[in-house]
Amino acid sequence: MMNAPSGEGKRRVGVMGGTFDPIHHGHLVAASEVAHHFDLDEVVFVPTGRPYQKDDKQVSAAEDRYLMTVIATASNPRFSVSRVDVDRPGPTFTIDTLRDVADIYGSQAELYFITGADALAAILSWRDVDELFELAHFVGCTRPGHTLRDPGLPHGKVSLIEVPALAISSSQCRERVENGEPIWYLVPDGIVQYIGKRGLYQG
Ligand code: ATP
Ligand code: MG
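Conventions and cut-offs
- Residues numbered from 1 in each chain as written.
- Chains lettered and ligands numbered in written order.
- Predicted model: local features only at pLDDT ≥ 70, side-chain atom pairs only at ≥ 80, totals over all residues.
- UniProt positions renumbered as here; feature names shortened; annotations may be inferred.
- Near = placed C-beta within 6 Å.
- Helix = DSSP H or I, 4+ residues; strand = E, 2+ residues; numbered from the N terminus.
- Nonpolar A, V, L, I, M, F, W, Y, C, P; charged D, E, K, R; others polar.
- Buried ≥ 20, exposed ≤ 12 C-beta atoms within 10 Å, placed from the backbone.
- Contact = placed C-beta atoms within 7 Å.

If you check an unreviewed UniProt entry, the protein chain appears there as Probable nicotinate-nucleotide adenylyltransferase from Nonomuraea soli. A UniProt comment under Pathway (unreviewed entry) is attached to the protein chain, and it reads "Cofactor biosynthesis; NAD(+) biosynthesis; deamido-NAD(+) from nicotinate D-ribonucleotide: step 1/1."

### Some thoughts on the site of ligand 1
As a structural note, the neighbourhood of ligand 1 is formed by 18 residues, with Gly18, Gly26, Gly116, Ser170 and Ser171 the closest of them. Of all elements in the fold, only α1 (25–37), β6 (109–116), α5 (117–121) and α7 (170–178) reach the threshold of two or more residues within the shell around ligand 1. Sorting elements by how many residues they give to the shell around ligand 1 places α1 first, with 3 residues. Of the residues that constitute the shell around ligand 1, the class distribution is 6 nonpolar, 9 polar and 3 charged.

### Quick notes on unusual backbone geometry
Cis geometry marks the peptide bond from Asp21 to Pro22; its omega dihedral reads 0°. Checked against the element boundaries, Pro22 lands in the loop between β1 (11–18) and α1. One non-glycine residue, Phe20, adopts positive backbone phi at about 50°. Following the sequence through the fold, Phe20 ends up in the loop between β1 and α1. Phe20 gets classed as buried once you count the C-beta atoms within 10 Å, which come to 25. Here Tyr185, not a glycine, exhibits a phi torsion of approximately 75°, which is positive. Summarising the element assignment, Tyr185 is placed in the loop between α7 and α8 (189–198).

### Topic: the environment of Pro144
Tracing the sequence through the fold places Pro144 in the loop between β7 (136–141) and β8 (158–161). A sequence separation of 100 residues divides Pro144 from Val44, and the C-alpha atoms of the two residues are 23 Å apart. For Pro144, the residues in contact, after removing those within four places along its chain, are Ala165 and Ala167.

What follows is the structure, given as structure tokens:
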């Protein structure tokens, strides 16, 4: 569980939502870069419950994705993991994620929602866009294979930043495991071990 904000001054909190099936070094580098760039006190990783965009595809159990996220972030004192999406029934919408995180941190927090270029491009189609921008500042990160461009969002509500390019995706990791190919160094060691132990992505 996340720590409650300590009070004085505004706590700067990054929110990194994702399916994290599995979490990989692209996610971690993006979070770390945004944390550095915006001087964030903390980044909260929020694994989705059932992602509404991925309804038709097979997604691993929320508990496995949650635990992998905990394992991958455990060594960083500024990274934490929230269960808000995993514990909320029904498909996950970013507006609910931000409302719940805002409730937990209260008015003492400034939220920064972190997304890759692919997710940012879809932003305008999200539900309740106006409220989204009231709840958080949005940060779009470069991602290999996706052009990072301002999709015409409200001025001052979105920042675009370049992060070191890591052409890693969860889909590719799953495919590699299914094909018996290694994922060492694409994901943290503990994630390779967890996937093996739980027999995930074996097809
Ligand atoms: P999948 O291939 O299953 O879609 P993914 O690798 O895209 O998985 P998600 O859990 O969908 O991972 O991504 C969560 C967030 O992290 C999204 O905002 C996505 O754009 C961002 N992200 C994922 N991989 C990278 C990467 N290599 N570099 C920068 N951002 C990334
Ligand atoms: Mg994705």
